[in-house]
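Here is how the chains run, residue by residue.
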Amino acid sequence: MTYSLETIVSRAKRRAFAYPGSEIYGGLANARDLWPYWVQLRRNIMDTRWRCFVQERDDMVGLDASILMNSRVREASGHIANFSDPLVDCKKCKARERADKLIENYIEKHQISLTDVHVEFGVKSLAVESRTFEQQTAFLSVFKVKCPECWSSDWTQPKKFNLMFKTQQWVIDWEGKDIYLRPETAQGIFVNFKNILDTTRVRIPFWVAQIGKSFRNEITPGNFMFRVREFEQMEIEYFIPDDVEIGLKMLKSRKEMSEKWRTEQIGIKKDRLRFREHDASELSFYSKGTVDVEYEFPRWRWELQGIAYRTDYDLSQHQKTSGKDMQYTDPMTGRRYLPHCVEPSRGLTRAILTVMIDAYDEEEYTNQKWEKEIRTVARFNPNIAPVKFAILPLIKKDEIQVKLGEDLFHKLSKKYFCEYDDNGAIGKRYRRQDEIWTPYCITFDQQSVEEYHADPASVTVTLRDRDTMSQQRFLVSDIEFMK
Ligand code: GAP
């Protein structure tokens, strides 16, 4: 069963995942503060990613380039000239919208075919990127596309709205220089290409991975954390020989790796993933292929990741703009060339949201009084659950139960994120842990106390499994070595 985004968002707020930022001052549109469980979930996803793609490989290195960079980096990458969306204002209610999104939604809702659009505007593809401002204006007016706020259809002409946040860095005498918050992490990798070659042992082919914040002044942020102005990306640049056949093979293998990591490591449902290859009209002039990894959710298809074969475009742009030689010398043949690059670019924020959606479930069960109840449970890969073990002494007033519980908490929390909770009825405590995804609850009870008095090494506890709700007794010493 699929639950609505609203249900999942309301649960996320109730259980300390994410909340509006600066709330005591009335908030800041679309800014969110991440609360304890989201922070832990994010850290676990980042850790599995780093382990699988950096730690376990000998052809991969990690990088953390700075967010603020010399503006010439953005000039070379094309972000200053081209990183923009077509903005239109509703003349009646002043709502701001993206012309391309209005058109895209209209085409989807009204099932407009390529032939219709082709006849009307001479456009050869439904791909939004291939439409000019004139064609967008004509589309909005011919199809009378309505404003989602006030339902009128009177739009201004589209204009270019650059998505980068601009700020100033002081140089001398209060004169500022324009700089930008990075809109993607990737350029930090390209400008460090030579430094990495000079200071590490990697040789082509090799990968550079980075995880970090990016900023985009989105015109229409929304859908909770799906489109936000401050988000995190996990990007990799795979530097390969300047051979298109190798590049295309790499693109295919990256697609397979992507699916494996998502489904096996973080538990995204395979049947919701779609791989959409860009057709020729969507590809940038330098790209030899791009695949979007999308997630099918009832009302939308979300782009989780783009995997792009970018040829030598980025290195050649930086070589041209900086005047620095970015070529690689093949150690066997001595040949010098600009390496090609395959770039998988994943959104971490979107991955977290997707995982929350896939994990969420509600189910009927019979409680200890033989009554039917509904429990909310997030069925979640134990690898990344924010809390791995909850330690719950059955009776708070029993000193031995509390002591044993605290001792185990201190031992387990050296390796895992754990919670200690001795407050309230045990059933309620289990429900709370189900909602925050804790895969295992450990309960100390009267039997544990008796075992402690007989022989402290013989103490057992119940281990409750979140998904089946079954309970089994284990020696505490065995639990300490559980994975
Ligand atoms: N370096 C290439 C690049 O940045 P992109 O398709 O613009 O490509 C990559 O972004 C990924 O970053 C997207 O697939 C998405 O998961 C995430 N992303 C982009 N904009 C976002 C936003 N405003 N909010 C949340 N995630 C976003």
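The following refers to the structure shown. (Residues numbered from 1 in each chain as written. Predicted model: local features only at pLDDT ≥ 70, side-chain atom pairs only at ≥ 80, totals over all residues. Heavy atoms only, no water.)

## Regarding the overall build of the protein chain
- Secondary structure summary: the protein chain contains 16 helices and 23 strands in total.
- Its C-alpha atoms put the protein chain at 80 × 65 × 55 Å along the principal axes.
- Within the protein chain, buried positions represent 51% of all 483 residues.
- Here the analysis covers contacts within the protein chain between residues at least 6 apart in sequence; of these, 65% occur between residues at least 24 apart.
- Here the protein chain contributes 75 positive and 74 negative side-chain charges, whose respective centroids are spaced 2 Å apart. (Helix = DSSP H or I, 4+ residues; strand = E, 2+ residues; numbered from the N terminus. Buried < 20%, exposed > 50% of the residue type's maximum accessible area, 1.4 Å probe, protein only. Contact = heavy atoms within 4.5 Å. Lys, Arg positive; Asp, Glu negative; His and termini not counted. Charge placed at Lys NZ, Arg CZ, Asp CG, Glu CD.)

## Re the sheet that holds strand 23 (residues 471-475)
- Strands sit in the order 20-19-21-22-23 across an open sheet of five strands; the sheet is mixed. Strand pairing shows two members of the sheet lacking a second neighbour, strand 20 (418-420) and strand 23, which therefore form its edges. Ignoring which end each strand starts from, the neighbouring axes of this sheet average 25° apart.
- Pairing analysis gives five bridges linking strand 22 (residues 460-465) to strand 23, with the strands arranged antiparallel. Within strand 23, the residue paired with Thr462 across the bridge is Arg473.
- The sheet contacts of helix 14 (residues 426-435) involve strand 19 (389-393), strand 20, strand 21 (440-444), strand 22 and strand 23, and relative to strand 19 the element is tilted by about 170°. (Pairing = 2+ DSSP bridges. Axes fitted to C-alpha atoms, helices over the stretch in contact; angles between N-to-C directions.)

## A short note on the pairing of strand 13 (residues 300-311)
- Strand 13 sits mainly inside the fold: nine of its twelve residues count as buried.
- As judged from the nine bridges shared by strand 12 (residues 289-297) and strand 13, these two strands associate in the antiparallel manner. Within the sheet, the bridge partner assigned to Tyr295 lies in strand 13 and is Trp302.
- Summarising the sheet, strand 13 and strand 16 (residues 340-347) pair through six bridges and their orientation is antiparallel. The residue of strand 16 that forms the bridge with Thr311 is Cys341.

## Topic: the sheet that holds strand 12
- Read across the open sheet, the seven strands follow the order 3-9-10-16-13-12-11; overall the sheet is mixed. Each edge of the sheet is formed by a strand with only one pairing partner; in this case those strands are strand 3 (60-62) and strand 11 (273-277). Geometrically, the sheet is characterised by an average inter-axis angle of 20° between neighbouring strands, direction not taken into account.
- Of the pairings in the sheet, the one linking strand 3 to strand 9 (residues 206-215) comprises three bridges and is parallel in character. When the sheet's bridge partners are listed, Gly62 is paired in strand 9 with Ala209.

## Remarks on the environment of Asp271
- When you line up the elements, Asp271 lands in the loop between helix 10 (244-265) and strand 11.
- A sequence separation of 68 residues divides Asp271 from Pro339, and the C-alpha atoms of the two residues are 36 Å apart.

## Let's talk about the site of the ligand
- Within the structure, the ligand sits among 17 residues, and Glu184, Glu218, Val228, Glu235 and Glu303 are positioned closest to it.
- Arg216 has a polar side-chain atom sitting 2.8 Å from an oxygen atom of the ligand.
- Arg350 places a side-chain nitrogen or oxygen 3.4 Å from a nitrogen atom of the ligand.
- Relative to its unbound accessible area of 560 Å², the ligand is 88% covered by the protein chains.
- Among the elements of the structure, strand 10 (230-240), strand 13 and strand 16 are those that each provide at least two residues to the shell around the ligand.
- Split into classes, the residues belonging to the shell around the ligand amount to five nonpolar, four polar and eight charged. (Near = heavy atom within 4 Å. Polar contact = N/O pair within 3.5 Å; in protein donor to acceptor, adjacent residues only side chain to side chain. Areas by Shrake-Rupley, 256 points an atom, 1.4 Å probe, with all protein chains shown as cover. Nonpolar A, V, L, I, M, F, W, Y, C, P; charged D, E, K, R; others polar.)

## Describing the packing of helix 2 (residues 36-55) against helix 12 (residues 348-359)
- At their nearest, the axes of helix 2 and helix 12 sit 10 Å apart, and the two run at 110° to each other. On the basis of their axis angle, the class for helix 2 and helix 12 is roughly perpendicular. Every residue of helix 12 that contacts helix 2 at Trp38, Leu41, Arg42, Ile45 and Met46 is listed here: Leu348, Thr349, Ile352, Val355 and Met356.
- Of the residues contributing to the contact of helix 2 with helix 12, the split by class is eight nonpolar, one polar and one charged. (Parallel < 35°, antiparallel > 145°, perpendicular 65-115°, else oblique.)

## Comments concerning the nonpolar core
- The biggest cluster of nonpolar side chains holds 58 residues, and the ones touching the most others in it are Ile45, Met356 and Trp437.
- Looking at this core, the elements with two or more residues in it are helix 1 (5-14), helix 2, strand 9, strand 10, helix 10, strand 12, strand 13 and helix 12.
- Ignoring any residue separated from it by four or fewer positions in sequence, one finds Ile45 in contact with Trp261, Ile266, Leu348, Ile352, Val355 and Ile384.
- Grouped together as the second largest cluster of nonpolar side chains are 20 residues, Ile196, Ile204, Phe206 and Leu338 included. (Core = buried A, V, L, I, M, F, W, Y, C linked by side-chain atoms within 4.5 Å.)

## What to know about the pattern of salt bridges
- All told, the structure shown has 34 salt bridges when counted by the stated rule.
- It is possible to trace a salt-bridge network through shared partners that takes in Asp361, Glu363, Arg375, Arg379, Arg431, Asp434, Arg464, Arg466 and Asp467. (Salt bridge = Lys/Arg side-chain N within 4 Å of Asp/Glu carboxyl O.)

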